[in-house]
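Single-letter residue listing:
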Amino acid sequence: MKPFLIFSFLLISSALLFSQQGSNYFPPGSVYTYNVFPLDTSSNPIVSEMYYRRDLFSEITDYQGKPANIFLTKSASTLDSLEIKPYLDSLLYHFDGTDGYAYFQTRPLEGLLKSLDSMGLDPNFNFLNFFRSLQDWYSLYRFNATLNDDYTLLSVDTTVAGYNARFEYLGERFPDEMIATDPYGLIDCKKFLISWRVSVFFITWIPIITTNDTIWLAPGSEFWKTQEIVPTNHIDLSFLGGPNTYIFGYKIGDVIVPVEDDLKTNIPTEFALEQNYPNPFNPSTSIRYKIDNTQFVSLKIYDVIGNEVATLVNEEKPAGIYNLEWNASSFTSGIYFYQLKTEGLIETKKMMLMK
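A short tour of the structure in this document, coming up. (Residues numbered from 1 in each chain as written. Predicted model: local features only at pLDDT ≥ 70, side-chain atom pairs only at ≥ 80, totals over all residues. Heavy atoms only, no water.)

1. Structural notes on the pattern of salt bridges
(1) Moving on: Considering all chains together, one arrives at 10 salt bridges under this definition.
(2) Moving on: Two residues, Lys191 and Glu177, come together in a salt bridge whose shortest N-O distance is 3.0 Å. Of this pair, Lys191 sits in strand β9 (residues 185-202) while Glu177 sits in strand β8 (residues 163-181), and the two are 14 residues apart along the sequence.
(3) Moving on: Here the residues in one salt-bridge network are Glu274, Arg288 and Lys290, joined through shared partners. (Salt bridge = Lys/Arg side-chain N within 4 Å of Asp/Glu carboxyl O. Helix = DSSP H or I, 4+ residues; strand = E, 2+ residues; numbered from the N terminus.)

Following this line, the structure appears as structure tokens:
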């Protein structure tokens with residue numbers, strides 16, 4: 001039972017890597033600070049443990065076939081410590097006017113996944129490979145969905161430590177709702193419920209864990225998320241020989257404070273081409289570069305004898321930080337070079353494709 005319980009907790013925690021948006025519900029360049037309240041076993045806020053979270057919308061790039069908006073976040077116990085703490089998390093979103101997509105990626109979880117595999121909890125099941133198979137864009141926020149009608153984002157059946165398990169990721173659109181914010185007062189928001197559900201099979205599928213993430217989104221250039229509530233989830237696995245336990249929830253909201261200074265720190269002050277990640281890679285890798293003013297930019301890939309094999313950028317770009325994805329699935333293993341060229345500056349780096 002223990003391997004399955006650990007696996008369930010891991011999948012539930014990975015739901016926090018997703019967030020929300022759609023069309024004009026995403027204001028690039030905005031920065032907001034929120035109060036975050038952990039919840040107790042009855043889903044009541046623990047005021048004494050309140051901390052702060054800051055969200056920043058950083059850049060727009062191409063990733064796995066879609067234009068991706070990059071979202072950064074950080075948190076700290078005080079506002080002073082929040083100011084000096086670096087942004088650690090990076091998430092990706094895409095919007096097509098009616099749907100808000102989020103990209104699930106395993107990179108933030110890979111250390112934990114590898115640790116679970118090294119424990120030998122199930123020699124026939126690989127946690128890292130399973131989660132990598134789930135990496136994709138998911139249309140979490142469907143603004144034209146029928147009210148109060150579930151839609152399935154993901155449903156996967158597998159076997160873990162001898163248990164037939166089903167993992168489902170679900171969405172639901174609720175009626176619009178007015179949310180009180182500080183300092184902007186009442187805002188008319190779109191409301192969604194995003195859920196993870198874990199079930200095991202005993203004659204029929206029996207849900208044993210369900211986490212509900214309720215999110216309120218506000219349209220326009222000044223706002224995005226006004227509130228989020230994930231209730232504490234009581235888990236009773238006694239019928240499987242497991243424990244009674246909790247996955248504690250949280251509430252985000254109450255304060256929405258634009259922060260102008262953070263925007264300035266997000267504008268590069270120099271030209272830079274970073275090392276691709278991962279490296280070596282198979283078959284895709286990310287290439288990140290920075291330019292400090294509007295100029296014509298060329299980013300090309302060359303093979304080991306100098307032949308140009310791909311062009312990733314060849315146009316004028318404004319100052320900013322950019323992250324591009326190169327999929328080399330049609331190329332052979334070996335050394336490749338990527339070269340960034342701007343007006344008067346050239347930089348080249350080496351990378352390795354290993355299949």
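2. What about unusual backbone geometry?
(1) Moving on: In this structure, the amide linkage connecting Tyr277 to the following residue, Pro278, adopts the cis form with an omega of -10°.
(2) Moving on: Along the chain, Pro278 falls in the loop between β15 (272-273) and β16 (284-291).
(3) Moving on: Between Asn282 and Pro283 the backbone carries a cis peptide bond, its omega angle lying at -10°.
(4) Moving on: If you trace the backbone, Pro283 turns up in the loop between β15 and β16.
(5) Moving on: One non-glycine residue, Ser43, lies in the positive phi region at around 65°.
(6) Moving on: Even without being glycine, Ile203 reaches a positive phi, approximately 70°.
(7) Moving on: By the secondary structure assignment, Ile203 is in the loop between β9 and β10 (204-217).

3. Quick look at the environment of Asn69
(1) Moving on: Following the sequence through the fold, Asn69 ends up in strand β3 (residues 66-76).
(2) Moving on: We classify Asn69 as buried; its relative accessible area is 8%.
(3) Moving on: Taking the C-alpha atoms as reference, Asn69 lies 9.5 Å from Ala102; in sequence the two are 33 residues apart. (Buried < 20%, exposed > 50% of the residue type's maximum accessible area, 1.4 Å probe, protein only.)

4. A few points about the packing of aromatic side chains
(1) Moving on: Counting across every chain of the model gives 15 aromatic pairs.
(2) Moving on: Between the aromatic rings of Phe125 and Phe130, the centroid separation amounts to 5.5 Å while the plane-to-plane angle is 45°, which identifies the pairing as tilted.
(3) Moving on: When its relative accessible area of 10% is taken as the criterion, Phe130 is described as buried.
(4) Moving on: Centroid distance Tyr141 to Phe192: 5.1 Å. Interplanar angle 75°. Geometry classified as edge-to-face. (Phe/Tyr/Trp six-rings, centres within 6.5 Å; stacked < 30°, edge-to-face > 60°.)

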